[in-house]
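In case you want the letters, here they are:
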Amino acid sequence: MNRIQHTITLITGASSGIGEACARHFAELGSNLILMARRKEALTALEQSLLKLHPDIRILSITCDVRIIESVETAIHSLPEEWNNIDTLINNAGLSRGMEKVQDGIIENWEEMIDTNIKGLLYVSRAVLPRMVQRKKGNIVNIASIAGRETYPSGNVYCATKSAARTLSEAMRIDVNGTNIRVMNIDPGMVETEFSLVRFHGDADRAKQVYKGMQPLTANDIAEIIVFSVNRPPHVTIGDVLILPTAQANTTTVYRES
Ligand code: NDP
Ligand code: 8X3
């Protein structure tokens, strides 16, 4: 059964990776989409390609930096009437920067991760949730990470932000209890996207090494599980999912063919 058709899905970080794959899967099931990210050209290209495939859906692309509260509030509070009733929010925008020990940490990297992965997730949720509560209807999908469950060497601040995202999933589920809103926490393991390229500030060789000799997940693998989770009947909440490549046992145990 398709419970996603004609709904409105807001995806943050829709310009690449898991967010983009979610956009493709939700569009396939006939959801109207609000796509949010900073890179306007990438959003426009995605919007055009999706409309070609699915001419019956509507898409609104919004350039927005989730770290900037004014930008988030303006984006959500000035939505045209027909876009006001967001059914599903996928809090996906996020990033990792660097892999230094705390004693060598680069403060701007810390700020960027905390501002995006924690504060950005909160800003968007704060703007979207009141209407869901009022309607007694909605889904929040928070993309945390295995890194929020297990701290790994030099993962420090990134792991802390994902641990916070996980805690916020639990907290939101308590706060909206009794409103029919479902809160889902998704913890992917290694997914090959732009993630490592961003983490290593564009160093493509270093990013490639992360997945050397093993088969990582694809963004598509994660999007399939998100769309499945959101499509469950209203009385079912898939609260917490850990998704791993088979070659990954935990954050530090990864089998690689040499
Ligand atoms: P990508 O780098 O491919 O995608 C990240 C997305 O987040 C981009 O669309 C980017 O868009 C957006 N984004 C980053 N900063 C901001 C910002 N300040 N405001 C708005 N959008 C922003 O990586 P993934 O798809 O892998 O990452 C998606 C999520 O999944 C992240 O939260 C990540 O932590 C999480 N995750 C990833 C894993 C992996 O191994 N890849 C594993 C576990 C979790 P733009 O630059 O255009 O703004
Ligand atoms: C991304 C997964 O383990 O590379 O959240 O940090 S990991």
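Here the structure is a predicted model, which means the values were calculated and not measured.

Cut-offs and rules
Residues numbered from 1 in each chain as written. Chains lettered and ligands numbered in written order. Predicted model: local features only at pLDDT ≥ 70, side-chain atom pairs only at ≥ 80, totals over all residues. Heavy atoms only, no water. Near = heavy atom within 4 Å. Polar contact = N/O pair within 3.5 Å; in protein donor to acceptor, adjacent residues only side chain to side chain. Areas by Shrake-Rupley, 256 points an atom, 1.4 Å probe, with all protein chains shown as cover. Phe/Tyr/Trp six-rings, centres within 6.5 Å; stacked < 30°, edge-to-face > 60°. Lys NZ or Arg CZ within 6 Å of the ring centre and 35° of its normal. Helix = DSSP H or I, 4+ residues; strand = E, 2+ residues; numbered from the N terminus. Contact = heavy atoms within 4.5 Å. Salt bridge = Lys/Arg side-chain N within 4 Å of Asp/Glu carboxyl O. Expected span 1.5 Å × (residues − 1). Buried < 20%, exposed > 50% of the residue type's maximum accessible area, 1.4 Å probe, protein only.

Caption draft 1: Fine view of the site of ligand 1. Surveying the vicinity of ligand 1 reveals 29 residues, the closest of which are Ser 15, Ile 18, Arg 38, Tyr 158 and Thr 193. The contact in question runs from an oxygen atom of ligand 1 to an N or O atom on the side chain of Tyr 158, over 2.7 Å. Note that an oxygen atom of ligand 1 is positioned 2.9 Å from one of the backbone N or O atoms of Val 191. Taken by itself ligand 1 offers 880 Å² of open surface, and the protein chains cover 96% of this.

Caption draft 2: Structural view of the packing of aromatic side chains. All chains considered together, the criterion is met by one aromatic pair. Arg 199 extends its terminal NZ or CZ atom over the ring of Tyr 158, reaching a point 5.3 Å from the ring centre.

Caption draft 3: Seen up close, the side chain of Ser 145. With respect to the helices, strands and loops of the structure, Ser 145 is situated in the loop between strand E5 (139–143) and helix H5 (156–175). Aside from chain neighbours lying at most four places away, what touches Ser 145 is Tyr 158, Lys 162, Ile 186, Asp 187 and Pro 188.

Caption draft 4: Representation of the site of ligand 2 within the structure. The local shell around ligand 2 consists of Ser 145, Ile 146, Ala 147, Tyr 152, Tyr 158, Gly 189 and Phe 195. Side-chain polar atom of Ser 145 to an oxygen atom of ligand 2: 2.5 Å apart, as the coordinates give it. Tyr 158 places a polar side-chain atom, nitrogen or oxygen, 2.5 Å from an oxygen atom of ligand 2. For ligand 2, the protein covers 86% of the area, taking 250 Å² as the surface of the free molecule.

Caption draft 5: Structural view of unusual backbone geometry. In this model, Ser 154 sits at a positive phi of 65 degrees, which is unusual for a non-glycine residue. In this structure, His 201 is a non-glycine residue whose phi angle is positive, near 50 degrees. Within the element layout of this structure, His 201 appears in the loop between helix H6 (195–199) and helix H7 (204–209).

Caption draft 6: Quick peek at the pattern of salt bridges. Applying the stated criterion to the full structure yields 12 salt bridges. Between Asp 115 and Lys 119 there is a salt bridge, and its shortest N-O distance comes to 3.4 Å. Separated by four residues within a single helix, Asp 115 and Lys 119 lie in helix H4 (residues 107–135), roughly one turn from each other. The partner of Glu 192 in a salt bridge is Lys 208, with the nearest N and O atoms 3.2 Å apart. Pair noted here: Glu 192 is in the loop between strand E6 (182–188) and H6 and Lys 208 is in helix H7, with a separation of 16 residues, a long-range link.

Caption draft 7: Here's a closer look at helix H1 (residues 17–28). An ideal rise of 1.5 Å per residue puts 16 Å on 12 residues; H1 measures up with 17 Å between its terminal C-alpha atoms. Within H1 the residues assigned to the buried category are Ile 18, Gly 19, Ala 21, Cys 22, Ala 23, His 25, Phe 26 and Ala 27. Buried residues along H1 sit against strand E1 (8–12), strand E2 (32–37), helix H2 (40–53), strand E4 (88–91), E6 and helix H8 (219–230).

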